[in-house]
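# Secondary and tertiary structure notes
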Amino acid sequence: MPKSLGSEIARRRTFAIISHPDAGKTTMTEKLLLYGGAIHLAGTVKSRKASRHATSDWMEIEKQRGISVTSSVMQFDYNGFCINILDTPGHQDFSEDTYRTLCAADAAVMLIDGAKGVEAQTIKLFTVCRQRQIPIFTFINKMDRAARNPFDLMDELEKVLGINSIPINWPIGTDGDFQGVYNRKLNRIERFDASKGDHGASMVKVKVASLDDPSLASIIGASYQERLMSDIELLDIAGDDLDMERILAGELTPVFFGSALSNFGVEAFLNEFLAMAPPPAPRKSNEGPIRPDEDFFSGFVFKIQANMNPGHRDRMAFIRICSGKFEKGMEVNHARLGKAVRLTQPQQFMAQERNIIEEAYAGDIIGIFDPGLFQISDTLSTGSRTLAFEDIPVFPPEHFARVSPADSMKRKQFLRGVEQLAEEGAIQLYKEPDIGTETYIVGVVGVLQLDVLEYRLKAEYGVSIRQTPLNFRHARWIQPIQGVWPDPKELNVTSTTQVALDKDDMPVLLFESDWAIQWAIDRNKGLQLASIHER
């Protein structure tokens, strides 16, 4: 029986998981895969006793440091839904990769540590979700440890993030004495059992008791029952109603309590999330909104990743399909290059593991072998249209270093490596005019990216590098004045300001301070500088 375009798109759910570092984001991703049947034994991100590493942390440096430094893509089927999970780096040093990933998502799952509440990076990432107007589902994690009062956590969501919340379940015991949760929808108690002892590697069976059970006090304890009844009454009187319109508009977040590490609450969350989360939505373009059920294929590149298989030196372009149906080997129009391109070796992912696919639909994330044709933000579509989706902005770096190969005989590998990592968006690359390509200036949003640069050049290209930190703190792209580009060498700037060219040969000024930026603007009539560069 042929697959209907509409029904295939309707069952897609594509979402990103965001959080502050160490809130349990990659662990949550693992557990969703476990319950979705995609893996049979979950790994853990950071635990001496656990022998497996997380599926989504595929890069060697991620396994060593117990952090995610690159976004992972995973697809699996569950209960009739086709799920695309985008696991993002939590560390603020990799927030640009997270932003690009959120551009490909239809919803976000926000993880919050029950003991710490809303943290700095959560605020940044939430702001991006708000800008994109995507619905946000909140999972308050680590409830099996001592946590803050759940009413205080909800109050913080409203005061710090400016979003109202509605709890779908409610914790029983938050002082390190977690007993389970009350499921408000099903009016029942779901009890927590910490006796399994396998670090959450396998699924848990939930023990259920009715709220109306006369023996409930003996099951969970009289004091817990009394507190729960009081909390439920307060929620029913003062809490928000479940309003799907407000949820889908990103104005109201459903809240779930549980423990990703011990698997408690994960299955219930997955089922409720899939029921509430939206299917693929229309995308803005130069031709107006593009509906997912249009009769033509369209999509955009949101990520480039090299060396996912170091033995093959391959390079993949990750494409979010925005409309229609993708078929293996199809020919598409490459908007930036203005030419037809055949999409070969289409693949879908479970972190670094891949499967060749024959077809995919709007909402799916696919990987295409990239011989060097693609850049982040590229639009691809069938037919003769000149369709272009919105650009993904490039954020200004805040840390800079001059880098060169330690061994000049490895100059060729060095050039290939830094240019490749720049095309991935892992670093921003600047050349000094009239100086050879033996040395580059590298700009990054977070200083940890410089460690990753050094590690990947050594591991993937066999090149050791010299790094010299520079005092620059701001990059500003020079804009044309009434259609004419000013000559950067003629500008009146401070002696510490560096004129450079980015990887697209666009003129950039590197400044050490806000004062130096203002100096340049005051002394060069009409000079316009941009902090965010559209690709």
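Bear in mind the structure is a predicted one, so any value in this text is a computation, not a measurement.

With that settled, consider the environment of Asn-524. For Asn-524, the position within the fold is in the loop between α13 (514-523) and β30 (529-530). For Asn-524, a relative accessible area of 8% puts it in the buried group. As a C-alpha pair, Asn-524 and Glu-490 span 34 residues in sequence and 9.5 Å in three-dimensional space.

Taken together, the side chains of Leu-242, Met-244 and Leu-248 present a nonpolar region at the surface, about 250 Å² in accessible area. Here Leu-248 lies in helix α9 (residues 244-248).

Following the criterion strictly, the structure yields 17 aromatic pairs and no others. Seen in terms of ring centroids, Phe-178 and Phe-264 are 5.5 Å apart; in terms of plane orientation they differ by 85°. Their pairing is edge-to-face. Placement of Phe-178 in the loop between β7 (169-172) and β8 (180-183) and of Phe-264 in the loop between β11 (252-257) and α10 (266-276) is noted, with a sequence separation of 86 residues between them. Measuring from centroid to centroid gives 5.7 Å for Phe-269 and Phe-273, while their planes differ by 25°, and the two rings are stacked. Of this pair, Phe-269 and Phe-273 are both found in helix α10, 4 residues apart, which corresponds to roughly one turn of the helix. Comparing Phe-269 with Phe-273 shows no difference in burial state: the two are buried. Aromatic rings pair up to connect Phe-15, Phe-137, Phe-139, Phe-256, Phe-269 and Phe-273 into one cluster. Over the ring of Trp-519 we find Arg-523, and its NZ or CZ is 3.5 Å from the ring centre.

Calculation criteria
- Residues numbered from 1 in each chain as written.
- Predicted model: local features only at pLDDT ≥ 70, side-chain atom pairs only at ≥ 80, totals over all residues.
- Heavy atoms only, no water.
- Helix = DSSP H or I, 4+ residues; strand = E, 2+ residues; numbered from the N terminus.
- Buried < 20%, exposed > 50% of the residue type's maximum accessible area, 1.4 Å probe, protein only.
- Patch = residues over 30% accessible without salt bridge, like charges linked within 9 Å, V, L, I, M, F, W, Y side chains within 5 Å.
- Areas by Shrake-Rupley, 256 points an atom, 1.4 Å probe, with all protein chains shown as cover.
- Salt bridge = Lys/Arg side-chain N within 4 Å of Asp/Glu carboxyl O.
- Phe/Tyr/Trp six-rings, centres within 6.5 Å; stacked < 30°, edge-to-face > 60°.
- Lys NZ or Arg CZ within 6 Å of the ring centre and 35° of its normal.

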